[in-house]
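# Notes for the structure review
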Amino acid sequence: MFKHRRVRVTCVLAAGWVFFAIVERQSGQTTWPASLLHALVWALAVSGTWWFAEMTQLGPRTARPVPAASTTNSSRRSGISANGRRGEDGDPQERGPAAGRARKGEHPSA
């Protein structure tokens, strides 16, 4: 139920409105209609801040877990790059933008 942002913001708005209405009524000695109006203003401010905080978070709120490296790289062996050649020092991660392409003046099979 709380998976969606608009549901969470609506719940914050409703709970805040009730809470602030009770506080306004008890402390301000005002009538209920005036308390509800003042509480609505405060609840809108709080839920707007809540919405802004959720909108500016980095990344998705329900991120999927990253699979283990052994399951994603099962076909690759240690020291062998994706194109089947060893990089310098046998490092499989050592691949630049021109990985697998021959340098200028070199034969492709070299």
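Above this note sits the structure.
What you see is a predicted model; the values in this text were computed from it and never measured. (Residues numbered from 1 in each chain as written. Predicted model: local features only at pLDDT ≥ 70, side-chain atom pairs only at ≥ 80, totals over all residues. Heavy atoms only, no water.)

### Here's the deal with helix α1 (residues 5-28)
Between its first and last C-alpha atoms α1 spans 33 Å; for 24 residues at 1.5 Å apiece the expected length is 34 Å, and the two agree. All of the buried residues in α1 are R8, V9, V12, G16, F20 and A21. As for α1, its buried residues are in contact with α2 (32-55). Phi turns positive one or two residues past the end of α1, at Q29, with a value near 55°. (Helix = DSSP H or I, 4+ residues; strand = E, 2+ residues; numbered from the N terminus. Expected span 1.5 Å × (residues − 1). Buried < 20%, exposed > 50% of the residue type's maximum accessible area, 1.4 Å probe, protein only. Contact = heavy atoms within 4.5 Å.)

### Some details on the packing of aromatic side chains
The full count for this structure, using the stated rule, is two aromatic pairs. Between F19 and F20, the aromatic rings sit 5.4 Å apart at their centres with planes inclined by 65°, giving edge-to-face as the arrangement. Relative to W42, the ring of F20 lies with its centre 6.3 Å away and its plane at 40°, an arrangement referred to as tilted. Of this pair, F20 sits in helix α1 while W42 sits in helix α2, placing them 22 residues apart in sequence. (Phe/Tyr/Trp six-rings, centres within 6.5 Å; stacked < 30°, edge-to-face > 60°.)

### Brief notes about a nonpolar patch on the surface
On the surface, W17, V18, I22, W32 and L36 cluster together into a nonpolar patch covering about 460 Å² of accessible area. When residues of the nonpolar patch are traced back to their parent elements, those giving at least two are α1 and α2. With three residues, the top contributor of residues to the nonpolar patch is α1. Inspection of the secondary structure assignment puts I22 in helix α1. Look at I22 and you get partly exposed, because its relative accessible area is 43%. (Patch = residues over 30% accessible without salt bridge, like charges linked within 9 Å, V, L, I, M, F, W, Y side chains within 5 Å. Areas by Shrake-Rupley, 256 points an atom, 1.4 Å probe, with all protein chains shown as cover. Salt bridge = Lys/Arg side-chain N within 4 Å of Asp/Glu carboxyl O.)

On their own, these measurements won't tell you what the molecule is for.
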